[in-house]
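Residue-level structural notes
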Amino acid sequence: GQQVMQIPQYQHVQEGEDFTTYCNSSTTLSNIQWYKQRPGGHPVFLIQLVKSGEVKKQKRLTFQFGEAKKNSSLHITATQTTDVGTYFCAGLRAGGTSYGKLTFGQGTILTVHP
Amino acid sequence: NAGVMQNPRHLVRRRGQEARLRCSPMKGHSHVYWYRQLPEEGLKFMVYLQKENIIDESGMPKERFSAEFPKEGPSILRIQQVVRGDSAAYFCASSQDGGVYGYTFGSGTRLTVV
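As the structure is a prediction and not an experimental result, all values here were calculated from the model.

1. Comments concerning the interface of chain A and chain B
Taken together, the contact between chain A and chain B spans 23 residues of the former and 22 residues of the latter. Around 1700 Å² of area is buried between chain A and chain B when both sides are counted, 52% of it from carbon and sulfur atoms. Considering only the surface of chain A that becomes buried against chain B, His42, Lys101 and Phe104 of chain A emerge as the three largest contributors, covering 25% of it. Between the two partners, chain A and chain B, sit one salt bridge. The salt bridge involving Asp56 of chain B is made with Lys101 of chain A; its shortest N-O contact spans 3.4 Å. One can count ten residue pairs in polar contact (both at pLDDT 80 or more) joining chain A with chain B. Elements supplying a minimum of two residues to the side of chain A that touches chain B: strand S4 (29-37), strand S5 (43-49), strand S9 (85-93) and strand S10 (102-104) of chain A.

2. Comments concerning the sheet that holds strand S3 (residues 19-24) of chain B
All names here are of chain B. Here we have four strands laid out as an open sheet, ordered S1-S3-S8-S7, and antiparallel in their pairing. Two strands in the sheet have a free side with no partner beyond their single neighbour: strand S1 (5-7) and strand S7 (65-68). Taking the axes of each pair of neighbouring strands and ignoring which way they run, one obtains an average angle of 15 degrees across the sheet. Bridge analysis of S3 against strand S8 (residues 75-79) gives five bridges, and the strand direction is antiparallel. Note on S8: the bridge partner recorded for Arg22 is Ile76.

Thresholds, definitions, all that
- Residues numbered from 1 in each chain as written.
- Chains lettered and ligands numbered in written order.
- Predicted model: local features only at pLDDT ≥ 70, side-chain atom pairs only at ≥ 80, totals over all residues.
- Heavy atoms only, no water.
- Contact = heavy atoms within 4.5 Å.
- Buried area = accessible area lost by both parts, 1.4 Å probe.
- Salt bridge = Lys/Arg side-chain N within 4 Å of Asp/Glu carboxyl O.
- Polar contact = N/O pair within 3.5 Å; in protein donor to acceptor, adjacent residues only side chain to side chain.
- Helix = DSSP H or I, 4+ residues; strand = E, 2+ residues; numbered from the N terminus.
- Pairing = 2+ DSSP bridges.
- Axes fitted to C-alpha atoms, helices over the stretch in contact; angles between N-to-C directions.

Distances and angles like these do not, on their own, reveal function.
Shown next, in the form of structure tokens:
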């Protein structure tokens with residue numbers, strides 16, 4: 001079945017440093033989505049990417065979708081303590097019999113030290 | 001416009017009892033998904049439902065677990081004869097379009113089996 005791998009599993013940074021998490025799918029995706037889960041909270045949708053090579057920005061966050069539509073990255077510039085949480089990528093498989101089912105990566109747990 | 005409502009937020013069951021987790025999707029959403037999460041782990045897909053139909057239950061254990069999304073009322077995830085290993089956070093999500101534009105998650109039910 002489809003697998004979505006995400007690295008690193010943990011990342012500790014000093015406030016002000018940059019942070020990147022990477023996501024790779026075993027199959028081609030129709031779109032990829034990113035979610036953030038604060039400690040003790042629930043996942044919250046951040047963004048979706050659809051086009052090959054697409055880049056989107058949300059303030060200090062930059063999201064990229066690979067040319068082959070099998071990998072993606074999230075980059076945070078100048079982290080702040082409010083960025084703490086777990087960042088998940090999630091892929092919607094292109095075609096297939098269960099359209100609409102997202103497969104989530106394992107998540108990257110980000111800790112920001114003030 | 002209420003979001004995805006899950007109840008109860010916390011549920012304690014003794015081994016061998018039954019656990020019933022409820023999820024009311026966002027208004028206008030007809031797709032419901034259940035995910036399970038262990039501490040510091042990712043979101044494991046369990047089941048994908050539309051009204052009165054199970055679309056994909058490939059992540060559901062074959063025994064003791066069942067899910068439904070009736071024509072009227074919330075979606076129910078039912079765990080019979082709970083064991084300690086069932087202790088986890090169970091998240092419900094909904095979408096109106098098969099997840100193409102993202103899922104909206106509920107706050108989750110934290111199940112503890114004692």
